[in-house]
Amino acid sequence: MKRVVRPPRYGLARVLSKRGLCSRSEAERRVRDGRVRVAGKIVRDPEFPVALDASNIVLDGDASRATAHQYLVLNKPRGLVTTARDEHGRDTVYRCFDGADLGWIAPVGRLDKASEGLLLFTSDPAWAARVTDPEQGPQKTYHVQVDGLPDDALLEALVLGADDAGERLQAASARLLRQGERNAWLEIVLDEGRNRQIRRLLAAHDLGVLRLVRVAIGDLALGDLAKGAWRPLEAGEISALARPSDPATG
């Protein structure tokens, strides 16, 4: 007798997220709220097993079908918070997408309110996880204006690192771009993404940050993309960002 091979099954919330309809946490809320039916019956268990290609899942009365994933790059302006909704009523990065019919998208990593520059968005959680992987994700390059005049010894110290709040913070590389009488611009490359890492690292060496701009993720450069503007990523850019980094080059 020929053995019937059944397709693998995953939790209902995970399947909704993989289809690019909402985040995993939002999918869990929608399932628990009774907004999802499977084979005509309301299912409130986010871990209810279903196949990825199941055609009998209905969300809010509409058949849940996989949508074409979105992959975008935004030049984030300073002063916007990287979140979908802010409890304090502050403007968020989603203001930059007003009027665009993009469906659900989420930021890949984040930039704090005072930081600016290259920020990725996608509806593909698996791709986002590869890009932000601390071991194999691409390096991130920043141009940072500091309120001092760093010397070679300080640049070396940024690479050696410093301890802050129980964490070891360090740059993959740091170099001087230009300097004036009272401040300087540095290029700092990170191969990990800790909360406010550059600001904390510089503060440990008595330097304050005047401006912080992310100018590249891996080989993807911000280029001449205008402040507050966005564009879809090209196919080659999408695959390159998710490709494991070369340990020899970072």
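Residues numbered from 1 in each chain as written. Predicted model: local features only at pLDDT ≥ 70, side-chain atom pairs only at ≥ 80, totals over all residues. Heavy atoms only, no water.

The name an unreviewed UniProt entry assigns to the chain is Pseudouridine synthase, from the organism Luteimonas fraxinea.

A. Expanded view of the overall build of the chain. Broken down by element type, the chain carries six helices and 17 strands. Out of the 250 residues in the chain, the part that is buried amounts to 42%. A separation threshold of at least 6 residues defines the contact pool for the chain, and within that pool the share at least 24 residues apart is 64%. Accessible area of the chain: about 14,000 Å², with a carbon and sulfur share of 47%. (Helix = DSSP H or I, 4+ residues; strand = E, 2+ residues; numbered from the N terminus. Buried < 20%, exposed > 50% of the residue type's maximum accessible area, 1.4 Å probe, protein only. Contact = heavy atoms within 4.5 Å. Areas by Shrake-Rupley, 256 points an atom, 1.4 Å probe, with all protein chains shown as cover.)

B. Layout of unusual backbone geometry. With a phi angle near 55 degrees, alanine 39 is a residue other than glycine that sits in the positive phi range. As for its position among the elements, alanine 39 is in the loop between strand S2 (36–38) and strand S3 (41–42). Judged by relative accessible area, which is 55%, alanine 39 ranks as exposed. Residues other than glycine seldom take positive phi values, yet aspartate 206 does so here, at roughly 60 degrees.

C. Structural context of the side chain of serine 115. Mapped onto the secondary structure, serine 115 falls in the loop between strand S8 (106–108) and strand S9 (116–122). The class of serine 115 is buried, set by a relative accessible area of 2%.

D. Expanded view of a positive patch on the surface. Taken together, the side chains of Arg14, Lys18, Arg24 and Arg130 make up a positively charged region of the molecular surface. Of note, lysine 18 is situated in helix H1 (residues 12–18). On the basis of relative accessible area, lysine 18 is assigned to the partly exposed category, the value being 32%. (Patch = residues over 30% accessible without salt bridge, like charges linked within 9 Å, V, L, I, M, F, W, Y side chains within 5 Å. Salt bridge = Lys/Arg side-chain N within 4 Å of Asp/Glu carboxyl O. Lys, Arg positive; Asp, Glu negative; His and termini not counted. Charge placed at Lys NZ, Arg CZ, Asp CG, Glu CD.)

E. View of the layout of surface pockets. In this structure, the largest pocket spans a volume of roughly 590 Å³. As for the largest pocket, its lining consists of 29 residues, of which Arg110, Gly193, Arg194, Asn195 and Arg196 are closest to the centre. Put simply, the parts of the chain that give the lining of the largest pocket at least two residues each are strand S10 (140–146), helix H5 (197–203) and strand S15 (209–217). For the lining of the largest pocket, the element with the most residues is H5, which contributes three residues. Lining the second largest pocket we find 25 residues, and of these Ser23, Ala84, Tyr94, Trp104 and Ala106 sit closest to its centre. The greatest single-element share of the lining of the second largest pocket, amounting to five residues, is contributed by helix H2 (residues 24–32). Looking at the lining of the second largest pocket residue by residue, the class counts come to 10 nonpolar, eight polar and seven charged. (1 Å grid on protein atoms, 1.4 Å probe; cavity = no way out; pocket = protein on both sides within 12 Å on 5 of 7 lines; lining within 4 Å. Points joined across faces, edges and corners; volume = space filled by probe spheres on them. Nonpolar A, V, L, I, M, F, W, Y, C, P; charged D, E, K, R; others polar.)

F. The packing of aromatic side chains, seen in detail. Counted according to the given criterion, the structure contains five aromatic pairs. When the centroid spacing of 5.0 Å and the interplanar angle of 80 degrees are considered together, the rings of tyrosine 71 and tryptophan 127 count as edge-to-face. Taken together, the residues span a long stretch of sequence, with tyrosine 71 in strand S7 (residues 71–76) and tryptophan 127 in helix H3 (residues 125–131) at a distance of 56 residues. Judged by relative accessible area, which is 15%, tyrosine 71 ranks as buried. (Phe/Tyr/Trp six-rings, centres within 6.5 Å; stacked < 30°, edge-to-face > 60°.)

G. Broad picture of the nonpolar core. The biggest cluster of nonpolar side chains holds 30 residues, and the ones touching the most others in it are Phe121, Val144, Leu158, Ile188, Ile198 and Leu202. Among the elements of the structure, S7, S9, S10, helix H4 (152–160), strand S14 (184–190) and H5 are those that each provide at least two residues to this core. Among the elements that line this core, the one with the most residues is S14, at four residues. Residues Tyr71, Trp127, Leu220 and Leu222 belong to the second largest nonpolar core, which totals 16 residues. (Core = buried A, V, L, I, M, F, W, Y, C linked by side-chain atoms within 4.5 Å.)

H. Seen up close, the pairing of S15. Relative to S15, S9 runs parallel, the two being bridged by two bridges. In the sheet register, glutamate 116 faces S15, and the bridge partner there is valine 213. Sheet topology note: the S10/S15 ladder contains seven bridges and is antiparallel. The residue of S15 that forms the bridge with threonine 141 is alanine 216. (Pairing = 2+ DSSP bridges.)

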